[in-house]
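The lines below spell out each chain.
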Amino acid sequence: MAATFQHLSVDYRFENRIAVVTLQRPQVRNALNAQLIQELAAVFTQLSVNEQLHGVILTGEGKSFCAGADIKMMQEAVDYTAAQNVEEALRLSDMLHVINSFPCPVIARVNGDTLGGGVGLIAVCDIVIAAEHTRLAFSEVKLGIAPAVISPYVLRKIGENMARVLFVTGERFSAARAHEIGLVHSVVPMEHLDDAVSRAVNELLSGGPQAIRACKALALQVGQMNTENGRRYTAEAIAQLRVSPEGQEGLRAFLEKRPPRFAVSSQGSKEK
């Protein structure tokens with residue numbers, strides 16, 4: 001990737017089929033400032049055109065995943081006008097939308113505490129694997145504000161019932177509870193976190209990259225369609241996949257009882 005970033009890094013693994021995006025502000029627990037928000041939007045926008053990707057891992061450097069909004073950014077916001085606050089909130093919203101609508105799966109490797117906007121980050125990821133010591137909170141209410149921008153994505157994961165409790169109390173809760181309410185998919189001891197992420201990655205690598213994209217699009221879109229639109233969309237989706245080179249190879253491999261040989265880029269392998 002040609003672009004360089006100040007607050008995050010990008011690494012490629014498994015013959016460039018997996019990208020790892022790491023938040024790199026450990027001194028402030030990977031808190032979100034304006035620059036990091038901009039860089040996250042930029043890196044996922046750039047990665048979105050890479051059709052060889054099977055998935056992206058999003059994680060944080062150090063002991064925290066993401067502690068929410070940066071204190072300095074909050075201090076600056078005190079003097080903002082309402083219009084300036086709207087613009088800042090829209091930049092965060094745009095970044096979350098870019099990750100949520102990313103064409104292939106995003107795995108959140110949650111390596112530690114995740115607060116406020118950090119919970120929004122995991123809410124826009126497709127697979128969330130958390131270390132069991134992780135603590136989470138919608139901490140905004142303790143600051144006299146609300147988890148407004150992240151709420152559309154969080155509500156889709158945990159529903160109104162849990163949001164009505166956790167939004168208003170701002171209480172900290174465990175990774176185990178986050179799993180119970182649907183915010184986290186797997187909880188493992190920290191020493192097993194990378195193994196759990198690797199298992200998820202291996203599952204992604206066993207599928208065709210274009211089929212993976214189609215499956216994510218189905219999950220994101222079909223539930224919001226009316227019956228007729230859903231009927232037409234799903235029929236066209238499966239038809240296009242069946243006649244594609246990837247679909248043809250997958251079906252032939254199944255009939256011939258052999259592993260499929262999906263085309264991948266062999267350049268610049270950094271498998272770890």
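This section reports on the structure supplied with the text. (Residues numbered from 1 in each chain as written. Predicted model: local features only at pLDDT ≥ 70, side-chain atom pairs only at ≥ 80, totals over all residues. Heavy atoms only, no water.)

**Brief notes about the sheet that holds strand β1 (residues 8-13)**
Then, number 1: Within the open sheet, the six strands sit side by side as β1-β2-β3-β5-β7-β10. Their pairing is mixed. The sheet is open, and its two borders are formed by β1 and β10 (186-188), each paired with just one other strand. Averaged over all adjacent pairs, the angle separating strand axes in this sheet is 20 degrees, with direction ignored.
Then, number 2: Bridging between β1 and strand β2 (residues 18-23) involves six bridges; their strand directions are antiparallel. (Pairing = 2+ DSSP bridges. Helix = DSSP H or I, 4+ residues; strand = E, 2+ residues; numbered from the N terminus. Axes fitted to C-alpha atoms, helices over the stretch in contact; angles between N-to-C directions.)

**Quick word on the pattern of salt bridges**
Then, number 1: Inspection of every chain in the model, using the stated rule, returns 11 salt bridges.
Then, number 2: In this structure, Asp11 engages Arg13 in a salt bridge whose closest nitrogen and oxygen atoms are separated by 3.1 Å.
Then, number 3: For Asp11, a relative accessible area of 16% translates into the label buried.
Then, number 4: Judged by relative accessible area, which is 25%, Arg13 ranks as partly exposed.
Then, number 5: Residues participating in the shared-partner salt-bridge network are Glu249, Glu256 and Arg258. (Salt bridge = Lys/Arg side-chain N within 4 Å of Asp/Glu carboxyl O. Buried < 20%, exposed > 50% of the residue type's maximum accessible area, 1.4 Å probe, protein only.)

**Remarks on helix α8 (residues 209-221)**
Three- or four-residue spacings in an α-helix give side chains the same orientation, since the helix completes a turn every 3.6 residues.
Then, number 1: Across its 13 residues, α8 extends 18 Å between first and last C-alpha, which sits within 8% of the 18 Å expected from 1.5 Å per residue.
Then, number 2: Where α8 is concerned, the buried positions are Pro209, Ile212, Arg213, Ala214, Lys216 and Ala217.
Then, number 3: Looking at the buried positions of α8, the neighbouring elements they touch are α3 (82-100), β5 (106-110), α7 (193-205), α9 (227-243) and α10 (245-255). (Expected span 1.5 Å × (residues − 1). Contact = heavy atoms within 4.5 Å.)

**Quick look at unusual backbone geometry**
Note: most peptide bonds trans; most residues except glycine with negative phi.
Then, number 1: Backbone geometry places Phe14, a non-glycine residue, at a positive phi of 50 degrees.
Then, number 2: For Asn30, which is not glycine, the phi dihedral falls at a positive 60 degrees.
Then, number 3: Of note, Asn30 is situated in the loop between β2 and α1 (34-47).
Then, number 4: By relative accessible area, Asn30 is classed as buried at 0%.

**Quick word on α10**
Then, number 1: Considered for burial, the residues of α10 that qualify are Glu246, Gly247, Glu249 and Ala253. Angularly, the buried residues of α10 cover 165 degrees about the axis, an arc narrow enough to put them on a single face.
Then, number 2: On its buried face, α10 sits against α8 and α9.
Then, number 3: Once α10 ends, the next one or two residues include Lys257, with phi positive near 55 degrees. (Arc of directions from axis to C-beta.)

**Things to note about the pairing of strand β3 (residues 55-60)**
Then, number 1: Summarising burial for β3: six of the six residues are buried, a large majority.
Then, number 2: Alternating positions in β3 separate into two faces, Gly55, Ile57 and Thr59 on one and Val56, Leu58 and Gly60 on the other, with burial throughout.
Then, number 3: With six bridges joining them, β2 and β3 adopt parallel strand pairing. Bridged to Val21 within β3 is Leu58.
Then, number 4: Between β2 and its parallel partner β3, the chain crosses via α1, and the hand of that crossover is right-handed.
Then, number 5: Judged from the four bridges that link them, β3 and β5 form a sheet pairing that is parallel. (Right-handed = clockwise from strand over helix to strand, strands pointing away.)

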